[in-house]
Amino acid sequence: MIWNPEYEAMDRDELEELQLRRLQSTVAWVHERVEHYRQAMDERDLKPRDVRSLDDVRLLPLTDKKALRNTYPFGLFAVPLDQVVRIHSSAGTTGKPTVVGYTKGDIATWTELTARVASAAGVVHTDLAQMAFGYGMFTGGFGMHYGLERIGATVIPASAGNTERHLMMMKDFGTTVLVSTPSYALYLAEVGEKAGVDFSELPLRLGLFGAEPCSEAAHREIEEKLAISATDNYGLSEVMGPGVSGECECSCGLHINEDHFLVEIVDPASGEPRGDGEEGELVITPLTKEAFPVLRYRTHDLTVLDRTPCECGRTLARMRKVRQRTDDMLIIRGVNVFPSQVEDVLFKIENVRPHYLIVVERKHGLDDMEVRIEVAEEVFSDIMADMVVFTKHVSERLHGVLGLNVKVTLVEPGTIERTAGKSKRVLDLRDEGC
Ligand code: DLL
């Protein structure tokens, strides 16, 4: 179902007119209210009235996480705190978190957009949606919660963690929709399997997954094990949280809520524009934010845009699922390695479980990459010689794709840490003096 056809199925010319009007008022809004942007625009000798077309967005300064850190905590807010009704933040691996704020109006917009995403995925008012995203500073829990309620679904705010309780409620309440990270869905399936839960007997039918990349293989595994259909949705706290884009029933990319977000694809190194169909870094300018209206936010997420019409009737552009970030690329002995490449190899090998950890160290001045993988019980308890053959096989497959010698270590099922939030796949120890 299309939640808001007036905007989601808008004629493209009209949509672009609307985007331009909204861009112009956003630029005027930040120029007037946010010192950081006024300065950056002054340095470029740029006035809000210079933005006359959508392409003129390129005249505007890019924003990255650094700008948020330098203005911590509220320096990029465009309204006084008494108009801010909610604050969220994202952890960040180093230093201070990044902090974002919402006015009442922003919350209303956010609710509309997560309702669209959930609706596109197939949620209806009769659904029972079980939330396994955390309710806290992370935007996942509250963001999706409001949208689901807006649709009229019954929300079970179970929050992240306590997997046994999740399973119990799922069975007892008759949950039909699970909202979580894909890695948590896999974990839930694993714990359920051990506890003898037959998911095909449960009313559970749909998964709304997001907040981290998910390979095709993991997607299929979730669908099979939980006996559901799985959908992907994308967002980031700096521009809102969940609600930026989501898959419709055609599963052919994630529709971007373009009436609220102007998107560009740029070359990650030079910042130069790239066309539709070309891979690059997604840059987002929210068009209707009041409290935290960033300009041209560099997401670091790599994707491809497609503006051709979709069979579902939505005219909104689609972005390819995000599998890689520009900043998660590892350089091992000069070779570029994305964790998603490793994952794709592993998931194609029979008996490899979808739990792995890439460990990078520097030994005798050289980078050393190890992949720890969990394998099915039957492989692990097999005779030593077979395990050696299996390890060699995985190592060769990785070498074939990466062109690198990778040490493969088989670990016992259940030993790689599971998390209720975003999974951590890489342990890079090179900066720790080894
Ligand atoms: O993860 C917002 C969100 C919550 C989206 C729940 C969807 C569902 P942050 O914590 O700020 O916000 O992290 C944003 O997570 O730049 C991507 O790298 C990654 N990410 C988010 N959704 C997806 C996805 C939330 N569907 C960062 N696929 C983004 C791949 C995703 N990566």
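This text goes with the structure placed above it.
Our subject in this report is the structure included herewith.

Quick word on unusual backbone geometry
No. 1: Backbone torsion omega between Y72 and P73 reads -5 degrees, so that peptide bond is classified as cis.
No. 2: With respect to the helices and strands, P73 occurs in the loop between helix 4 (65-70) and strand 1 (86-90).
No. 3: One non-glycine residue, S159, lies in the positive phi region at around 70 degrees.
No. 4: Among the secondary structure elements, S159 is positioned in the loop between strand 4 (154-156) and helix 7 (163-174).
No. 5: Of the residues examined, S159 reaches a relative accessible area of 18% and is grouped as buried.
No. 6: Notably, H364 is not glycine yet its phi reads approximately 50 degrees, a positive angle.
No. 7: Here H364 shows up in the loop between strand 18 (352-363) and strand 19 (366-375).

Remarks on the site of the ligand
No. 1: The immediate surroundings of the ligand are formed by 21 residues, with D232, N233, S237, D301 and K422 found nearest.
No. 2: Contact distances for the ligand include 3.3 Å between a nitrogen atom and a backbone N or O atom of E212.
No. 3: A distance of 3.1 Å separates an oxygen atom of the ligand from a polar side-chain atom of R325.
No. 4: Its free accessible area being 610 Å², the ligand has 92% of it covered by the protein chains.

Description of the packing of helix 8 (residues 182-194) against helix 9 (residues 216-226)
No. 1: Put simply, helix 8 and helix 9 touch, their axes get as near as 10 Å, and they point 35 degrees apart. Both helix 8 and helix 9 take part in a crossing whose hand is left-handed. Listed contacts from helix 9 to P182, A185, L186, A189 and E193 of helix 8 are A218, E221, I222, K225 and L226.
No. 2: Here the contact of helix 8 with helix 9 is built from residues that sort into seven nonpolar, no polar and three charged.

Considerations on helix 5 (residues 104-121)
No. 1: End to end, helix 5 covers 26 Å across 18 residues, agreeing with the expected 26 Å (1.5 Å per residue, within 8%).
No. 2: Among the 18 residues of helix 5, 15 are classified as buried, and the element is accordingly described as predominantly covered.
No. 3: Sitting at the amino-terminal end of helix 5 is T103, which places a side-chain oxygen 3.2 Å from the backbone nitrogen of G105.

Here's the deal with the packing of helix 2 (residues 12-33) against helix 3 (residues 35-43)
Working note: a packed helix pair is described by the angle between its axes plus the distance between those axes.
No. 1: Following both chains from N to C, one finds helix 2 and helix 3 inclined at 105 degrees, their axes separated by 6 Å at the closest point. Classified by the angle their axes make, helix 2 and helix 3 are roughly perpendicular. Packed against helix 2, whose contacting residues are V27, V30, H31, E32 and R33, the element helix 3 presents E35, Y37, R38, M41 and D42 at the interface.
No. 2: Its residues assigned to classes, the contact of helix 2 with helix 3 comprises four nonpolar, one polar and five charged.

What about helix 9?
No. 1: Three or more residues of helix 9 are buried, namely A217, A218, H219, E221, I222 and L226.
No. 2: In this fold, the buried residues of helix 9 make contact with strand 5 (177-180), helix 8, strand 6 (206-210), strand 7 (229-236), helix 10 (339-347) and strand 18.
No. 3: The positive-phi residue at the C-terminal boundary of helix 9 is A227, with phi of around 55 degrees.

A closer look at the sheet that holds strand 12 (residues 297-303)
No. 1: Here we have four strands laid out as an open sheet, ordered 10-11-12-15, and antiparallel in their pairing. Strands at the two margins of the open sheet, each flanked by one partner only, are strand 10 (261-266) and strand 15 (324-325).
No. 2: Pairing geometry for strand 10 and strand 11 (residues 280-286), over six bridges, is antiparallel. Residue pairing across strands places F261 opposite P286, the latter belonging to strand 11.

Focus: the pairing of strand 6
No. 1: Within strand 6, five of the five residues are buried, leaving the element largely enclosed by the surrounding structure.
No. 2: A two-sided burial pattern is seen for strand 6, the buried positions comprising L206, L208 and G210 on one face and G207 and F209 on the other.
No. 3: In this structure, strand 5 lies alongside strand 6, joined through four bridges in parallel fashion. Bridge assignment links L178 to a residue of strand 6, and that residue is G207.
No. 4: The β-α-β motif built from strand 5, the intervening helix 8 and the parallel element strand 6 has right-handed crossover chirality.
No. 5: Where strand 6 and strand 7 come together, five bridges link them in parallel fashion. Residue G210 lies in a different strand from strand 7, and its bridge partner there is N233.
No. 6: Regarding topology, helix 9 serves as the crossover connection from strand 6 to the parallel strand 7, and that connection is right-handed.

Describing the pattern of salt bridges
No. 1: Taken as a whole, this structure holds 34 salt bridges when the rule is applied.
No. 2: R298 serves as the salt-bridge partner of E281, at 2.7 Å between the closest nitrogen and oxygen. Here the residue E281 occupies a position in strand 11, and R298 occupies one in strand 12, the gap between them amounting to 17 residues. The pair E281 / R298 is uniform in exposure class, with both members buried.
No. 3: A single salt-bridge network, built from bridges that share partners, covers R12, E16, E258, D276 and R307.

Calculation criteria
Residues numbered from 1 in each chain as written. Predicted model: local features only at pLDDT ≥ 70, side-chain atom pairs only at ≥ 80, totals over all residues. Heavy atoms only, no water. Helix = DSSP H or I, 4+ residues; strand = E, 2+ residues; numbered from the N terminus. Buried < 20%, exposed > 50% of the residue type's maximum accessible area, 1.4 Å probe, protein only. Near = heavy atom within 4 Å. Polar contact = N/O pair within 3.5 Å; in protein donor to acceptor, adjacent residues only side chain to side chain. Areas by Shrake-Rupley, 256 points an atom, 1.4 Å probe, with all protein chains shown as cover. Axes fitted to C-alpha atoms, helices over the stretch in contact; angles between N-to-C directions. Left-handed = near helix turned anticlockwise from the far one by under 90°. Contact = heavy atoms within 4.5 Å. Nonpolar A, V, L, I, M, F, W, Y, C, P; charged D, E, K, R; others polar. Expected span 1.5 Å × (residues − 1). Parallel < 35°, antiparallel > 145°, perpendicular 65-115°, else oblique. Pairing = 2+ DSSP bridges. Right-handed = clockwise from strand over helix to strand, strands pointing away. Salt bridge = Lys/Arg side-chain N within 4 Å of Asp/Glu carboxyl O.

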